[in-house]
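Structural characterization, general
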Amino acid sequence: MSQPTRIADLSYRNYDGPKTLSATRWWSITKNGLRMNIRKKNFWTLAIFCALPYLIMVINLFFTQTIREFQRIKIPLEATFAQYYGGSFVVFLVMFFAMLVGAGSIAADNRANALQIYLSKAITKFDYLVGKWLSIFIPVYAVVFLPAFLAITYAALDQGVVEFFKQHPTLHLKLFLLAAIPAAFHASMLCGISAWNKTPWVVGVIYIALVFFTDAAVNIVADVVDMSDPQAFTLRHLSLLGILSGLGYHVIGSAPAEFDFRSGLEIPSLPEFPPLFAVYIVCIVVSLLLAFSRIRAVEVVQG
């Protein structure tokens, strides 16, 4: 009597073969994500809207220089720049741009079961997450850095390059870090939320809800709790978008200027750095851990 034929186990397995080009495996994920993002509707429209505040800043600098002798006003450049970098309108524009490029980063792959294809290749979960993260980080970084760089460069040419760099020797260098603050935050948060969903618009709704909930919560607490003004000022910056503005002010070295024509220029104190940085790091780390724990080729059914 012949022996029964054994049927091979054909269930899904992650790729376990040799891995080449170990330093750049993530780049194929990033490149594909960037290619898809620049083809999205409204990508360039939102990018232009993100640049508009800095165009307004240039116009403001032009007219301030023109009528300075009449007003006798000297507004520090750092304070002016902080107003356009960390203003509510600007941070919301950047957030919506980030949602456009990142809401479907992993959710779309979950819906299409594309992770089975990705992880069957010479790509690890870490490679996949890094590639997706960078596909969000790079566009957001660009729409923050480039307009700000051009605006500050105009200010340098307007004031005189030599004189500008005597007064602001590190401002151009600070732009590299300033652009990374919102880019890293939005990329991490959107990866964490997107990994647990299959519909991009649901990711967007969840992110907007978190932003408005944290903003309302910190403002209510700041209004109710009996605190000194500096503490209340810091607390109001502990929302998801407030920490981005607050950290940016610390990098710039100034908060937005509040001008009073009777008493002159007044600059409010900066929010305290440690709580802002702590919340920032916790949000990034937790989001990335949530994303990494969810990235798998097949759905695990329990019960």
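1. Things to note about the overall build of the chain
Looking only at helices and strands, one finds 13 helices and two strands in the chain. A total accessible area of about 16900 Å² is found for the chain, and carbon and sulfur atoms account for 67% of it.

2. Let's talk about the packing of helix α7 (residues 125-159) against helix α13 (residues 273-294)
Packed helices, taken two at a time, are described by the angle their axes make and the gap between the axes. At a minimum axis separation of 10 Å, α7 and α13 run at an interaxial angle of 130 degrees. Taken together, the axis directions place α7 and α13 in an arrangement best described as oblique. Crossing of α7 over α13 shows right-handed handedness. Listed contacts from α13 to K125, F126, L129 and W133 of α7 are L288, A291 and F292.

3. Considerations on the nonpolar core
Formed by 81 residues in total, the largest nonpolar core has its most connected members in M57, F81, F97, F137, F185, Y207 and Y280. If you tally residues by element for this core, the top one is α7, at 16 residues. M57 has contacts with L77, T80, F81, Y84, A151 and I152, leaving out every residue within four places of it along the chain.

4. Section: a nonpolar patch on the surface
On the surface, a nonpolar cluster with roughly 660 Å² of combined accessible area is contributed by I48, F49, L52, L55, I59, F62 and F63. Position of L55 relative to the elements: it lies in helix α2 (residues 43-71). Judged by relative accessible area, which is 47%, L55 ranks as partly exposed.

5. Structural notes on the environment of A122
You can see A122 is positioned in the loop between α6 (115-118) and α7. With a relative accessible area of 23%, A122 lands in the partly exposed category. For the pair A122 and R25, spaced 97 residues apart in the sequence, the C-alpha separation amounts to 7.7 Å.

6. Regarding the packing of helix α3 (residues 77-86) against helix α12 (residues 242-252)
It is the contact of α3 with α12, at a shortest axis distance of 10 Å, that shows an interaxial angle of 160 degrees. When the axis of α3 is compared with that of α12, the two are roughly antiparallel. For the pair α3 and α12, the sense of crossing is right-handed. From α3, E78, F81, A82, Y85 and G86 reach across to α12, where they touch L244, S245, G248, Y249 and I252. Partitioning the contact of α3 with α12 into residue classes produces six nonpolar, three polar and one charged.

7. As for the packing of aromatic side chains
By convention here, two paired aromatic rings are described through the distance between centres and the angle between planes. The tally for this structure, following the rule as stated, stands at 15 aromatic pairs. On the numbers, 5.8 Å between centres and 20 degrees between planes, the contact of Y141 with F145 is stacked. Here F145 and Y141 lie together in helix α7, a separation of four residues that amounts to about one turn. Of the two residues, Y141 and F145, neither departs from the other in class, the shared state being buried. Here K125 stacks its cationic end above the ring of F292, 4.6 Å away from the centre of that ring.

8. Some points on the confidence of the model for the chain
In the predicted model, the chain carries a mean pLDDT of 83, and 80% of its residues have values of at least 70. Taken element by element, the chain is modelled with least confidence in strand β2 (residues 264-266), mean pLDDT 47, and with most confidence in helix α9 (residues 171-194), mean pLDDT 96. Of the regions scoring below 50 in pLDDT, residues 259-267 engages in 17 contacts with residues more than four places distant in sequence or in other chains.

9. A closer look at α13
With 22 residues, α13 should reach 32 Å at 1.5 Å per residue; the first-to-last C-alpha distance of 32 Å fits that figure. Listed as buried for α13 are L276, Y280, C283, I284, S287, A291 and R294. Down the axis of α13, the buried set is contained in an arc of 115 degrees. They therefore lie on one face. Exposed residues on α13 whose side chains face more than 90 degrees from its buried face are P274 and L289.

10. Comments concerning the side chain of H186
In this fold, H186 is placed in helix α9. In contact with H186, other than residues within four places in its own chain, are V94, M95, A98, Y207, L241 and L244.

11. Quick look at the side chain of S287
Along the chain, the position of S287 falls in helix α13. Excluding anything up to four places from it in sequence, S287 contacts S188, M189 and G192.

Conventions and cut-offs
- Think of each chain on its own: its residues are numbered from 1, step by step along the sequence as written.
- Note on the predicted model: pLDDT of at least 70 is required for a residue's local features to be given, and 80 or more for side-chain atom pairs to be given and counted; whole-chain, interface and lining totals, by contrast, use all residues.
- With hydrogens and water excluded, all non-hydrogen atoms of the structure serve as input to the side-chain values.
- Each helix is a run of DSSP H or I of at least 4 residues and each strand a run of E of at least 2, with the numbering of both proceeding from the N terminus.
- Note on areas: these come from Shrake-Rupley sampling with a 1.4 Å probe, and a residue is covered only by the protein chains present in the view.
- As a rule, the C-alpha atoms of each element are fitted with a line to give its axis, helices using only the stretch in contact, and angles between N-to-C directions run from 0 to 180 degrees.
- With respect to orientation, any angle under 35 degrees is reported as roughly parallel, any angle over 145 as roughly antiparallel, any angle of 65 to 115 as roughly perpendicular, and every other angle as oblique.
- A clockwise turn of the near helix away from the far one marks a right-handed crossing, whereas an anticlockwise turn of less than a right angle marks a left-handed crossing.
- Any two residues whose heavy atoms approach within 4.5 Å are treated as being in contact.
- For the purposes of this section, nonpolar cores are sets of buried Ala, Val, Leu, Ile, Met, Phe, Trp, Tyr and Cys residues that join through side-chain atoms within 4.5 Å.
- Exposure categories follow from relative accessible area, calculated using a 1.4 Å probe and restricted to protein chains: below 20% of the type maximum is buried, above 50% is exposed, and the middle band is partly exposed.
- Patch membership requires over 30% relative accessible area and the absence of a salt bridge. Like charges are linked within 9 Å, and nonpolar side chains (Val, Leu, Ile, Met, Phe, Trp, Tyr) within 5 Å.
- Whenever a carboxyl oxygen of Asp or Glu lies within 4 Å of a side-chain nitrogen of Lys or Arg, that contact is scored as a salt bridge.
- Think of it as three bins: nonpolar holds Ala, Val, Leu, Ile, Met, Phe, Trp, Tyr, Cys and Pro, charged holds Asp, Glu, Lys and Arg, and polar takes everything else, Gly as well.
- When the centres of two rings from Phe, Tyr and Trp lie within 6.5 Å, Trp using its six-membered ring, the rings pair. Their planes under 30 degrees apart give stacked, over 60 give edge-to-face, and anything left gives tilted.
- Here, over-ring charges are defined by two tests on the NZ atom of lysine or the CZ atom of arginine: distance to the ring centre within 6 Å, and angle to the ring normal within 35 degrees.
- The pLDDT value tells you how sure the predictor is about a given residue, anywhere from 0 up to 100.
- One less than the residue count of a helix, multiplied by 1.5 Å, gives the span that helix is expected to have.
- This arc describes the spread of directions from the helix axis toward the C-beta atoms.

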